[in-house]
Amino acid sequence: MNKYGIYHVTEAPYCYAKDCNKLTLRVRTAAKDIEECTVFYKDKYFESSPYENKSMDVVATSELFDFFQCDINTDRNRYEYYFKLIDTDKKEYYLTERGVSEGNSYPFIFPYIAHEDVYEEVEWMQESIVYQIFPERFCNGDSSINPEYVMPWGEEKNLSYHSRYGGDLKGIIDKLEYLEDLGVDVIYVTPIFKSNTAHKYNTCDYFNIDPEFGTVEVAKELVHKCHSKNIKIILDAVFNHSGDDFFAFQDLLTNQEKSKYTDWYFVDNYPVNFNKGNYYTFGKNHRNMPKFNTNNREVRDYLLGVGEYWVKEIGIDGWRLDVCDEIGHDFWREFKKRIKNTKKDAVVIGEIMHEANSFLKGDQLDGIMNYPFKNALTDFFAKRVISSEEFSNILGITRMLYMDSITRQMWNLIDSHDTKRFLTESNENINSLKLAIAFQFTYIGIPYIYYGDEIGMNGGDDPYNRRCMIWNKEKQNLELLDFYKKLIKIRKENKSLIYGDYKEIYCKDNIVSFKRCFKDENVIIIINNNDCKKIIDLNEEFIAKDLINEKLVEVKSFIELNSMETMILKF
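Definitions and limits used
- Residues numbered from 1 in each chain as written.
- Predicted model: local features only at pLDDT ≥ 70, side-chain atom pairs only at ≥ 80, totals over all residues.
- Heavy atoms only, no water.
- UniProt positions renumbered as here; feature names shortened; annotations may be inferred.
- Helix = DSSP H or I, 4+ residues; strand = E, 2+ residues; numbered from the N terminus.
- Buried < 20%, exposed > 50% of the residue type's maximum accessible area, 1.4 Å probe, protein only.
- Polar contact = N/O pair within 3.5 Å; in protein donor to acceptor, adjacent residues only side chain to side chain.
- Contact = heavy atoms within 4.5 Å.
- Pairing = 2+ DSSP bridges.
- Domains from an automatic or database assignment.
- Patch = residues over 30% accessible without salt bridge, like charges linked within 9 Å, V, L, I, M, F, W, Y side chains within 5 Å.
- Areas by Shrake-Rupley, 256 points an atom, 1.4 Å probe, with all protein chains shown as cover.
- Salt bridge = Lys/Arg side-chain N within 4 Å of Asp/Glu carboxyl O.
- Lys, Arg positive; Asp, Glu negative; His and termini not counted.
- Charge placed at Lys NZ, Arg CZ, Asp CG, Glu CD.

The protein is annotated in an unreviewed UniProt entry as Alpha-glycosidase of Clostridium neonatale. Its UniProt record gives the protein the following Sequence similarities (unreviewed entry) comment, quoted word for word: "Belongs to the glycosyl hydrolase 13 family."

This is the structure we're talking about:
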């Protein structure tokens with residue numbers, strides 16, 4: 001047995017309350033090293049009682065590790081437990097609080113499942129399709145509030161970081177029927193508060209809508225009309241930094257050491273000088289984005305008040321949090337409590353572009369924008385620079401970083417306003433895009449559409465990834481749009497694609513196949529990322545309906561796929 005591979009601790013994601021009466025346990029072992037993993041458990045106070053036992057299933061694999069998991073429960077939700085491991089040589093070992101040995105003394109203790117420690121997952125979000133809108137480039141619905149120097153819609157002759165096209169909140173309202181017909185359930189809107197840039201990530205006034213986008217009344221109308229169509233709406237909060245024209249920073253520039261807001265920011269030295277940028281900023285010297293000191297009680301109360309205000313004032317359904325990994329965990333614990341106390345089923349989603357286990361233990365965020373997922377899909381489907389085995393390894397490790405409920409709430413994007421569009425990454429290969437979104441809509445987590453992807457928009461780095469939405473149907477890829485609609489329909493009609501287990505079936509030769517199972521529903525997905533036909537062995541015989549072409553398929557273990565083909569087989 002490879003003891004170096006074995007790992008378990010009594011905290012998420014290796015040990016956590018699934019609900020008030022169930023404890024989820026997870027054990028990591030070296031890959032292909034353990035044939036059986038069994039947990040023995042009982043109430044920690046019932047010393048003379050025998051242990052119950054339960055076999056654990058392999059729920060994920062990677063190049064280096066296997067992960068075993070199961071749920072257990074005791075009458076009073078007080079646990080002591082240990083694991084018995086049988087390796088490939090049939091030798092037995094025990095994993096206890098003292099590590100791996102041939103004895104089973106000193107079991108792990110999980111003292112009690114406290115109700116307040118149970119993470120309450122957000123089921124409405126797990127069943128959703130998210131659509132991201134960059135308001136300035138989505139639709140111009142009210143030309144009377146156009147900014148100066150507005151450009152004709154879609155004109156790119158002088159496109160720059162500062163270009164304005166007049167997209168606004170009324171434009172989103174005007175296109176709600178389009179979004180409803182597409183099948184989206186959640187609209188995520190990038191910042192809409194007063195700011196002097198097109199992107200609005202340098203906030204001047206957190207309590208007012210930018211006049212280029214509309215008014216509070218228009219925002220209320222947008223939320224109301226979204227809700228009337230059973231569409232949720234999530235706004236973007238920028239709490240890591242303000243704009244340089246924010247009142248507190250302006251006071252600091254004016255009054256220097258005598259300012260009431262000296263501790264709202266991180267000043268290197270005095271006098272504070274905008275041109276010198278002698279203060280902590282977002283990113284690499286973005287002088288127009290001075291970083292907040294969120295450990296300051298006044299700053300914290302101000303920003304928590306902002307979060308609560310917009311939930312109450314216009315009825316939004318949650319927040320996406322910009323650069324949230326550069327703000328302390330304690331702030332986000334307070335933020336989550338404030339928002340959930342205001343609206344119990346509101347969601348709190350972080351922008352974190354890497355693994356985020358420390359933010360996703362249930363006390364801070366409900367999920368993140370899943371950039372590790374996006375990067376894996378780009379590398380496998382668009383660029384073809386990793387193998388199917390590497391692709392599976394990346395996703396398997398990522399799943400095991402989090403509780404199962406959190407994994408189901410990850411926003412699985414393929415691109416965004418901060419990246420090149422997928423179609424550009426794939427050298428305009430529509431078939432590669434179709435394979436990627438077929439995987440996106442059948443994998444664990446929430447499918448996420450960046451505006452325009454559904455009609456074949458391309459674009460490199462900013463500003464080209466933020467081009468104007470194409471509304472001329474003659475310039476839209478309508479076949480791709482129909483494919484998106486089909487995948488959305490398939491996902492909504494098959495709960496196994498939302499709540500089902502994930503079991504890898506075949507992963508080699510640039511082919512990925514996996515099974516999703518929920519209750520009596522079984523779906524097998526097969527994706528051939530090759531420019532030629534392939535035959536694979538599923539080691540299973542069944543008759544299924546291919547949900548892509550709506551035809552019956554008889555599988556006798558082997559199945560043939562055309563080049564760049566996806567099959568979604570339900571049986």
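Caption draft 1: Spotlight on the side chain of Asn465. In this fold, Asn465 is placed in the loop between strand 22 (446-450) and helix 13 (478-493). Residue Asn465 is classed as buried on the basis of its relative accessible area, which comes to 1%. Within polar-contact distance, the side chain of Asn465 engages the backbone nitrogen of Asp462 at 3.2 Å. Beyond its immediate chain neighbours, meaning those up to four positions away, Asn465 contacts Ser416, His417, Asp418, Thr419, Arg421, Tyr450, Tyr451, Gly459 and Gly460.

Caption draft 2: Main features of the sheet that holds strand 12 (residues 186-189). As summarised here, the arrangement of the 8 strands in space is 20-19-18-15-12-11-22-21, forming an open sheet in which the pairing is parallel. Whereas interior strands pair on both sides, the edge strands pair on one side only; in this sheet they are strand 20 (367-368) and strand 21 (411-412). Of the strand pairs in this sheet, strand 11 (residues 130-133) and strand 12 are connected by 4 bridges, and their pairing is parallel. Across the sheet, the residue bridging to Ile133 is Val189, located in strand 12.

Caption draft 3: Looking closely at the pairing of strand 11. Of the two faces of strand 11, the one holding Val130 and Gln132 and the one holding Tyr131 and Ile133 are both buried throughout. Pairing between strand 11 and strand 22: 3 bridges, direction parallel. Across the sheet, the residue bridging to Val130 is Tyr448, located in strand 22.

Caption draft 4: Broad picture of the domain arrangement of the protein. Split by domain assignment, the protein resolves into domain 1 (3-117), domain 2 (129-237 + 314-493), domain 3 (240-293) and domain 4 (500-570). Each of domain 1 and domain 3 has a C-alpha centre, and the two are 50 Å apart.

Caption draft 5: A look at a negative patch on the surface. A contiguous patch of negative charge, built from Glu63, Glu389, Glu390, Glu504 and Asp509, is present on the exposed surface. With a relative accessible area of 40%, Glu389 lands in the partly exposed category.

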